[in-house]
Amino acid sequence: MAVPTESQLNAATLTPARHPLDPLTPEEIAEAAAILKTQRDLGARVRFETIVLQEPAKETVLKFRTGDPIQREAFIVILDNDAGATYEAVISLDQGKVTSWKHIPGVQPRIMLDEFRDCEAAVKASPEFQAAIKKRGITNSDLVMVDPWSAGNYGFEEENGRRLVLARSFLRSSPTDNGYARPIEGVTAVVDLNSMEVVRVDDYGVVPLPPNPGNYASEFVGEFRKDLKPLEIVQPEGTSIQVDGYGVTWQKWRLRIGFTPREGLVIHNIGYNDQGRVRPIVYRASLSDMVVPYGDPSKDHYRKNAFDAGEYGIGTLANSLTLGCDCLGEIHYFDAVMNDSRGGVVTIPNAVCLHEEDYGILWKHSDWRTGQTEVRRSRRLVVSSISTVGNYEYGFFWYFYQDGTIQLEVKLTGIVNTAAVPAGETPKYGTLVAPQLNAHIHQHFFNFRLDMSVDGEDNSVYEVNTVSEPIGPDNPHGNAFFAQTTLFKTELEAQRVIDPMSGRYWMVTNPSVANALGQPVGYKLMPGDNILPFAHPSASIIKRAGFMTKHLWVTPYDPDEITATGPYPNQHPGGAGLPEYTSAGRNIENTDLVLWYTLGYHHVPRPEDWPVSPVAYCGFMLKPVGFFDTNPVLDVPPSAHNNGACHA
Ligand code: CO
């Protein structure tokens, strides 16, 4: 890329941001990279891991009014491949200069897209790898797929400080064949991504390729079912959504769309217009990291796990969504604008889909004496993004309901990770999904960071458990039970797991704001299905993804604490992120606080998950509790069509 001269770096040519939280524009990304290249001696072989908006201080954002001047800063992470060194920079786009430049010792940035491609090429070119696949009857590597997995951290001296991946491979039978049907079992190339050299090829012994293809693409499906009639979503007057830049208004909801390479979709400044006043609920909501630990101890499968945000950058892997396929109806799309590893601009068109959906009934009552029926239809606003991480797809769907409920749903689909087993073997740590094809047992853990601001920044968190009253003078008939509320004073007290049998939930209140009944206004975090990890506490993955061991964490707000696994989880030895943030036991009562919710999806693979998994769902909800004085959706009108028959 040609480096612009100082005179070309003219801020006046930039598309102006309209809000302090607007993601960097393509021009701002290019300018930030150019400023760093001009003002620092970056060396011959550097990669730009991240060029992202340095979000302004919360006070600045909260004070901002339309038309106020906006200061723009970029945050950059650089990997110098020659030195194996990582640097962080902050660039002032207004001043055209580097305002901060730091060497970050002992860390590995995320694995970048072009490293995947370069790694595949290096492995295929390796004579040692070619010899290993030849032992398995494969003489041509053209149709071999190579998937690099971060080496993680298992305390091996020779891996210290090296940027290593374990490259596992698969064989296609034609260019569009599903290669995951034929794992090249027992061969792992260990690759140093800094030098892009194959360090060694581990061979655990030959296992034959599974015999069957596993194709799902339309050209392989002989006959489609014929009984589907058209189903169309028609909004003849358009949608009820208003979009202004990255700002979204939908009925009473207000929010802003953000997107980062590491986190993907971010939702900012979520509020609800209650009788003319926009009341804040969440300042920032994001996927803070995720990890997929696998449960097979054999060969090097014990090293199989993936931090799909922190190691691979789930935002950089976002799909470009298509109308009528990913999203149905009247859709507003947002592009995701990010950097490539050379500091260039990458735009993913239509990375975020925004639309509204009918969601069945909102409420209903029939008065049996008068025969009068009142029923209203429910709608939800959907903000979604889907990423492909190697074999797997993750959809992140944020739903906003008319009654003030916010829901996060993860949709899991794509292809299960596979290994080959000898004919006749029944795997213990996995499921046969096709002859000689083992899908290992695994779990998907997501952590969502919810920077709460329920009617203001200073909030408190309570745990609510329903308990049975012991039999006694207050409960002579034994029927009594009640919701028991416990305040968390410190972040150590607030490390909790779900308890479905006590109806456990966690409530965020604003102690300074009361509803009409005199109760503190609040929102509750309602867990759905969830699970804990099965790895032993001493396992590497438990140390490196300590966030998995608790479903709830609460911290006081700190702008440097954004991810559950710390800033650099790739090959990190462990302990970073939530366990480290919370170790001091800081106060979380009546202060600016952040909820972190760990969501576990347990996956014992099924034959029905092959060759592509039907979508599985998991998630959680945030629901108003005394936030409103009464049912906030009485003013939703009866449906206009059906001749007003929704109230008869
Ligand atoms: Co799975």
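Residues numbered from 1 in each chain as written. Predicted model: local features only at pLDDT ≥ 70, side-chain atom pairs only at ≥ 80, totals over all residues. Heavy atoms only, no water.

Asker: What am I meant to see in the packing of aromatic side chains here?
Answerer: What characterises a pair of aromatic rings is the spacing of the ring centres plus the angle enclosed by the ring planes. Within the structure shown, the criterion is met by 24 aromatic pairs. For the ring pair Phe446 and Phe448, a centre distance of 6.5 Å and an interplane angle of 25 degrees mean the geometry is stacked. As far as the burial class goes, Phe446 and Phe448 line up, both buried. With 5.1 Å between their ring centres and 70 degrees between their planes, Tyr523 and Phe627 make a pair best called edge-to-face. Of this pair, Tyr523 sits in strand S27 (residues 520–527) while Phe627 sits in the segment after strand S30 (613–625), placing them 104 residues apart in sequence. Taking relative accessible area as the criterion, Phe627 reaches 1% and is therefore assigned buried. (Phe/Tyr/Trp six-rings, centres within 6.5 Å; stacked < 30°, edge-to-face > 60°. Buried < 20%, exposed > 50% of the residue type's maximum accessible area, 1.4 Å probe, protein only. Helix = DSSP H or I, 4+ residues; strand = E, 2+ residues; numbered from the N terminus.)

Asker: I keep staring at the coordination of the cobalt ion and nothing clicks. Help me out?
Answerer: Put simply, the ideal angle at a metal is 109.5 degrees for four donors in tetrahedral geometry and 90 or 180 degrees for six donors in octahedral geometry. Here the cobalt ion is held by Tyr392 (OH), His442 (NE2), His444 (NE2) and His603 (ND1), and the distances to it run 2.0 Å. Coordination at the cobalt ion comes from 4 donor atoms whose angles at the metal span 93 to 143 degrees, giving a geometry best classed as irregular. (Donors = N, O, S within 2.8 Å, 3.2 Å for Na, K, Ca; no water. Tetrahedral: all angles 85-135°; square planar, octahedral: opposite > 155°, others 65-115°.)

Asker: I would appreciate a short explanation of the domain arrangement of the protein chain in the present structure.
Answerer: One widely used convention gives an interface's size as the accessible area the parts lose upon coming together. Domain assignment breaks the protein chain into domain 1 (6–104), domain 2 (113–220) and domain 3 (241–645). The interface of domain 2 with domain 3 comprises 35 residues on the first partner and 36 residues on the second. Taking both partners together, domain 2 and domain 3 bury about 3100 Å²; carbon and sulfur atoms supply 54% of that area. In terms of surface lost to domain 3, no three residues of domain 2 exceed Trp149, Tyr154 and Tyr180, which account for 22% of the buried area on that side. At the junction of domain 2 and domain 3, the tally comes to 4 salt bridges. Run the count over domain 2 and domain 3 and you get 17 residue pairs in polar contact (both at pLDDT 80 or more). Counting residues per element, the ones that place at least two in the side of domain 2 that touches domain 3 are helix H3 (113–125), strand S5 (144–150), strand S6 (164–171) and strand S7 (183–192). A breakdown of the residues in the side of domain 2 that touches domain 3 according to their chemical character gives 20 nonpolar, 9 polar and 6 charged. (Domains from an automatic or database assignment. Contact = heavy atoms within 4.5 Å. Buried area = accessible area lost by both parts, 1.4 Å probe. Salt bridge = Lys/Arg side-chain N within 4 Å of Asp/Glu carboxyl O. Polar contact = N/O pair within 3.5 Å; in protein donor to acceptor, adjacent residues only side chain to side chain. Nonpolar A, V, L, I, M, F, W, Y, C, P; charged D, E, K, R; others polar.)

Asker: In this structure, what is going on with the confidence of the model for the protein chain? I would like to understand it.
Answerer: Close reading of the predicted structure is inappropriate where its pLDDT is low. With 96% of its residues at a pLDDT of at least 70, the protein chain reaches an overall mean of 95. Under a pLDDT of 50 for its full length, residues 1–13 has, in the predicted model, 15 contacts with residues more than four places off or in other chains. (pLDDT = per-residue confidence, 0-100.)

Asker: Even after reading the chapter, I still don't get the pattern of salt bridges, so can you show me in this structure?
Answerer: Between side chains of opposite charge, a pair can form when the charged atoms approach closely. Considering all chains together, one arrives at 38 salt bridges under this definition. For Arg18, the salt bridge goes to Asp244, with nearest N and O atoms at 2.4 Å. Taken together, the positions of Arg18 in the segment before helix H1 (26–39) and Asp244 in strand S9 (residues 241–244) put the pair 226 residues apart, joining distant regions of the chain. Where Arg279 meets Asp455, a salt bridge forms, and the shortest distance between an N and an O atom there is 2.5 Å. Here Arg279, found in strand S13 (residues 277–293), pairs with Asp455, found in the loop between strand S23 (442–452) and strand S24 (458–468); they are 176 residues apart in sequence, far enough to count as distant. For the pair formed by Arg279 and Asp455, the shared burial category is buried.

Asker: What's the story with H1 in this structure? I'm lost.
Answerer: Given 3.6 residues to a turn, an α-helix orients residues that are three or four positions apart in the same direction. A rise of 1.5 Å per residue sets the reference length of H1, with its 14 residues, at 20 Å; its end C-alpha atoms lie 20 Å apart and thus fit the reference within 8%. When H1 is considered as a whole, its buried residues turn out to be Glu28, Ile29, Glu31, Ala32, Ala33, Ala34, Ile35 and Leu36. Buried residues along H1 sit against strand S1 (46–53), strand S2 (73–80), strand S3 (85–92), strand S4 (97–104), strand S15 (332–339) and strand S16 (345–366). (Expected span 1.5 Å × (residues − 1).)

Asker: Just checking my understanding: could you explain the pairing of strand S18 (residues 392–401) for this structure?
Answerer: Successive side chains on a regular strand alternate, one facing one side of the sheet and the next facing the other. In terms of burial, S18 is largely enclosed, as 9 of its 10 residues are buried. Examined bridge by bridge, strand S17 (residues 373–389) and S18 share 10 bridges and lie antiparallel to one another. The partner of Arg380 across the bridge, within S18, is Tyr401. Between S17 and S18, which pair antiparallel and follow one another directly, the connecting turn spans 2 residues, one of which, Gly390, has a positive phi of 60 degrees. Inspection of the sheet shows S18 paired to strand S19 (residues 406–414) by 9 bridges, in the antiparallel sense. By the bridge assignment, Tyr394 is partnered in S19 with Leu412. The turn linking S18 back onto S19 is made up of 4 residues, and Gly404 within it adopts a positive phi angle of 95 degrees. (Pairing = 2+ DSSP bridges.)

Asker: Sorry if this is basic, but what is going on with the sheet that holds S4 here?
Answerer: Judged by pairing direction, the sheet is antiparallel, and its 4 strands sit side by side in the order S1-S2-S3-S4 without closing on themselves. The sheet is open, and its two borders are formed by S1 and S4, each paired with just one other strand. With strand direction ignored, the average angle separating the axes of adjacent strands in the sheet is 20 degrees. (Axes fitted to C-alpha atoms, helices over the stretch in contact; angles between N-to-C directions.)

Asker: Hey, could you run me through the sheet that holds strand S21 (residues 430–434) in this one?
Answerer: Strands pair in a sheet through their backbones, by hydrogen bonds, and they do so in one of two ways: parallel or antiparallel. The sheet built from 3 strands is open, its strands ordered S20-S22-S21 with antiparallel pairing. Only two strands of the sheet have a single partner each, and these edge strands are strand S20 (418–420) and S21. Averaged over all neighbouring strand pairs, the angle between strand axes comes to 40 degrees, with direction disregarded. Two elements, S21 and strand S22 (residues 437–440), share 4 bridges in a ladder whose sense is antiparallel. Opposite Gly430, over in S22, you have His440 as the bridge partner.

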